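Per-entry structural report
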Amino acid sequence: MEQNHVKVLLIEDNPVQARLIQSLLAEASGPGIELETLDRLRTGLERVGRGGIDLVLLDLILPDGQGLETFLRFRAEAPDTPVVVLTGLDDLRIATKAVEGGAQDYLVKGQVSGAVLTRSIRYALQRAQARSGEWASPMFRLAQQQFLKAAQIMGLDDNLRQRLLFPQRSMVVSFPFRRDGYEHVETVFGYRVQHVLSMGPTKGGIRYHPEVDLGEVSALAMWMTWKCSLMHLPYGGAKGGVRIDPTWLSRQELQRLTRRFTSEIFTMIGPDKDIPAPDMGTDEQVMAWLMDTYSQQVGYGVPTVVTGKPVVLGGSLGRKEATGRGLVYMVEEAARHIGLGLPGSTAVVQGFGNVGSNAARFLTEDGVKLIAVSDASTGIYNSDGLSVDSLHAHLAQNRFLEGYPDGDAITNEELLELRCDILAPCALQNQITAENAARVDCRILAEGANGPTTLEADEILAEKGILILPDILANAGGVTVSYFEWVQGLQNLMWTLDEINDRLRAILSEAFQRTLARAERDNLDMRTAALIEGIDRVAQAKLKRGLFP
Ligand code: NAD
């Protein structure tokens, strides 16, 4: 693509429509758009194959291609070419599917002005460029696809869509820290991303994991925005991370890494700016070092710069276990809704870290039989039920579940396909996909992890009648008690554990009922209903604040 010159291929067999598009583009001001038109999918693909096409406007009903299949064939043969789909009002559902499948946008024939057409082309090119450049990541793609699906169903304004599709602020740092051998220095990448700054300070965890990148952190920041909004918390979403495997590091190395990372992102964070919390690979201790480093730099103690810190430093009772506890509160709501009695029912939990181990504990306290758990090393299965205390005792000695004696070793893949009433993925993203969704055999899927299920899998699970508690609902207990911690810190209050759990249950139950009511009223799946609840509030807030300047 040359600067200010875009070459668009229109694949459309209706000459009236083709002339209309041509004249709309000719009228519109802005960067020059050169249009070429072909009337068959085959010749269109051949033309794209010869190169020089920046974007394709694709009619889905062609003599040699019908409906979604037209798009899928195009995508299979020309995966890197951005596509805007042209659709009739009757085929909106198919067009939405094309967007879920990777089309940049769709336009409804008969409702397109010159300005709408050129803006759609411009935004589509920007999105394609960003996705293949700095934000290239399957997880960010998933977050964007979920958002676009919800935005289309709710008819979100185009400019708001484009704005919310990317984070508002992102910081990428590269920094060194010393290994225990003093001479040995390691340089790593770190990120802090703030998705929306319109709702108050931003809030989101810090993740230490070897696969962290800008796209992953941006996806997590976007989900935080919807989660906070869905819970009516006064925050926009943020997230941070360092690309490193913390299990390789000694405690001293982890401390040096954390302190240096904190000073690198110092200008972005603060108690009324952006408040980190633990996520995968980080914990209370990491938050304590972060708080101490920040406090050293400003010259006085600032406990409210982080949440999820130790209680002795101003952390909240109940924060550590809040995500797992909240997940179980949600499971209780969902079980009531589908008429599942929890005592005697069965659960499988993937991941036995903060979220997974606490979810497992509270499920068993509800009388649920825990038949399998896993961590990065292995899965453990026992049809008679596993003891959470005994699993913890093994971990305390061995760091990993591998070698746990009271059950059979299974793989993480096998674990996800076990027959159970409640399946709780509480480890990583991208675990339930088109490949294994058909074999998932549970009644409630409670997403403790962020982004464990792909959009294609969502559909397969829906067909199987599985009730999904989507991540932004199911794991919102963590940020909700983080909010309580922040409020207690700002006001020097100390709430009891009962007060915290009662308030947590009230907020989560209300959000569950609100989401369910929207899903039932608008005939939506729970994920889309939850996303729309979250997005709608952010959109309203943005419109009320207006545009600066
Ligand atoms: P954690 O680091 O405490 O635990 C992660 C667990 O997952 C560990 O048991 C680890 O061994 C396991 N794991 C890693 N790779 C795995 C693999 N390939 N297969 C199976 N298990 C694997 O992390 P956490 O804080 O419990 O976070 C887990 C998930 O929950 C993440 O997606 C995180 O974003 C999400 N989450 C966490 C919180 C929170 O408050 N900590 C809040 C909301 C969402």
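These numbers were taken from a predicted model, which means no experiment stands behind them.

This part takes up the packing of aromatic side chains. Counted by the stated rule, this structure contains 11 aromatic pairs. Here Phe175 and Phe261 contribute two aromatic rings whose centre-to-centre distance is 5.8 Å and whose plane-to-plane angle is 25°, an arrangement assigned as stacked. Residue Phe175 is found in strand β8 (residues 169–178), and its partner Phe261 is found in helix α9 (residues 251–264); the two are separated by 86 residues along the sequence. The exposure classification of Phe175 matches that of Phe261, with both residues buried. Geometrically, the ring pair formed by Phe484 and Trp495 is tilted, given 5.4 Å between the ring centres and 55° between the ring planes. In this pair, Phe484 sits in helix α17 (residues 477–491) while Trp495 sits in the loop between α17 and α18 (497–522), placing the two residues 11 residues apart along the sequence. Each member of the pair, Phe484 together with Trp495, is buried. If you follow Arg503 out to its NZ or CZ, it ends over the ring of Trp495, 3.8 Å from the centre.

This part covers the site of the ligand. The immediate surroundings of the ligand are formed by 22 residues, with Arg207, Asp279, Thr323, Asn354 and Asn450 found nearest. One of the side-chain nitrogen or oxygen atoms of Asn412 is found 3.3 Å away from a nitrogen atom of the ligand. A distance of 2.9 Å separates an oxygen atom of the ligand from a polar atom in the side chain of Asn450. In the complex, 84% of the free accessible area of the ligand, which totals 830 Å², lies under the protein chains. Looking at the shell around the ligand, its residues break down into 9 nonpolar, 9 polar and 4 charged.

We now examine the layout of surface pockets. Its boundaries defined by the atoms lining it, the second largest pocket holds a volume of some 650 Å³. Only α4 (92–100), α6 (138–154), α15 (455–463), β19 (467–469) and α19 (526–545) provide two or more residues apiece to the lining of the second largest pocket. Per-element accounting of the lining of the second largest pocket gives the leading share, 5 residues, to α4. Residue composition of the lining of the second largest pocket, grouped by class: 10 nonpolar, 5 polar and 8 charged. Viewed by domain, the lining of the second largest pocket spans two of them, domain 1 (5–132) and domain 3 (322–477), each represented by three or more residues.

Glancing now at the nonpolar core. One finds Leu58, Phe74, Trp226 and Leu469 to be the most contacted residues of the largest nonpolar core, which totals 118 residues. Sorting elements by how many residues they give to this core places helix α8 (residues 214–230) first, with 11 residues. Setting aside chain neighbours within four positions, we find Phe74 in contact with Ile11, Leu41, Leu45, Val48, Val56, Leu58, Thr81 and Val83. In this structure, Val173, Phe261, Ile265 and Met287 belong to the second largest nonpolar core, which totals 23 residues.

The element strand β3 (residues 55–59) is extensively covered by neighbouring structure, given that 5 of its 5 residues are classed as buried. Where burial is concerned, the two faces of β3 agree: the one with Leu55, Leu57 and Asp59 and the one with Val56 and Leu58 are both buried. The pairing of strand β1 (residues 5–11) with β3 spans 4 bridges and is parallel. Within β3, the position partnered with Leu10 by the bridge is Leu57. When β3 meets strand β6 (residues 83–87), the two strands line up parallel, connected through 4 bridges. Within the sheet, the bridge partner assigned to Asp59 lies in β6 and is Leu86.

Bringing the sheet that holds strand β15 (residues 379–381) into the picture now. Strand pairing in a sheet relies on backbone hydrogen bonds. The paired strands run either parallel or antiparallel. Strand order across the open sheet formed by 7 strands is β16-β15-β14-β13-β17-β18-β19, with mixed pairing between neighbours. Because the sheet does not close on itself, it has two edges, and the strands there are β16 (408–410) and β19. Between one strand and the next, the sheet's axes are offset by a mean angle of 20°, whatever the strand orientation. Relative to β19, strand β18 (residues 444–446) is paired through 3 bridges, and the arrangement is parallel. Bridging across to β19, Ala446 finds its partner in Leu469.

Conventions we followed
Residues numbered from 1 in each chain as written. Predicted model: local features only at pLDDT ≥ 70, side-chain atom pairs only at ≥ 80, totals over all residues. Heavy atoms only, no water. Phe/Tyr/Trp six-rings, centres within 6.5 Å; stacked < 30°, edge-to-face > 60°. Helix = DSSP H or I, 4+ residues; strand = E, 2+ residues; numbered from the N terminus. Buried < 20%, exposed > 50% of the residue type's maximum accessible area, 1.4 Å probe, protein only. Lys NZ or Arg CZ within 6 Å of the ring centre and 35° of its normal. Near = heavy atom within 4 Å. Polar contact = N/O pair within 3.5 Å; in protein donor to acceptor, adjacent residues only side chain to side chain. Areas by Shrake-Rupley, 256 points an atom, 1.4 Å probe, with all protein chains shown as cover. Nonpolar A, V, L, I, M, F, W, Y, C, P; charged D, E, K, R; others polar. 1 Å grid on protein atoms, 1.4 Å probe; cavity = no way out; pocket = protein on both sides within 12 Å on 5 of 7 lines; lining within 4 Å. Points joined across faces, edges and corners; volume = space filled by probe spheres on them. Domains from an automatic or database assignment. Core = buried A, V, L, I, M, F, W, Y, C linked by side-chain atoms within 4.5 Å. Contact = heavy atoms within 4.5 Å. Pairing = 2+ DSSP bridges. Axes fitted to C-alpha atoms, helices over the stretch in contact; angles between N-to-C directions.

These figures capture arrangement, not role.
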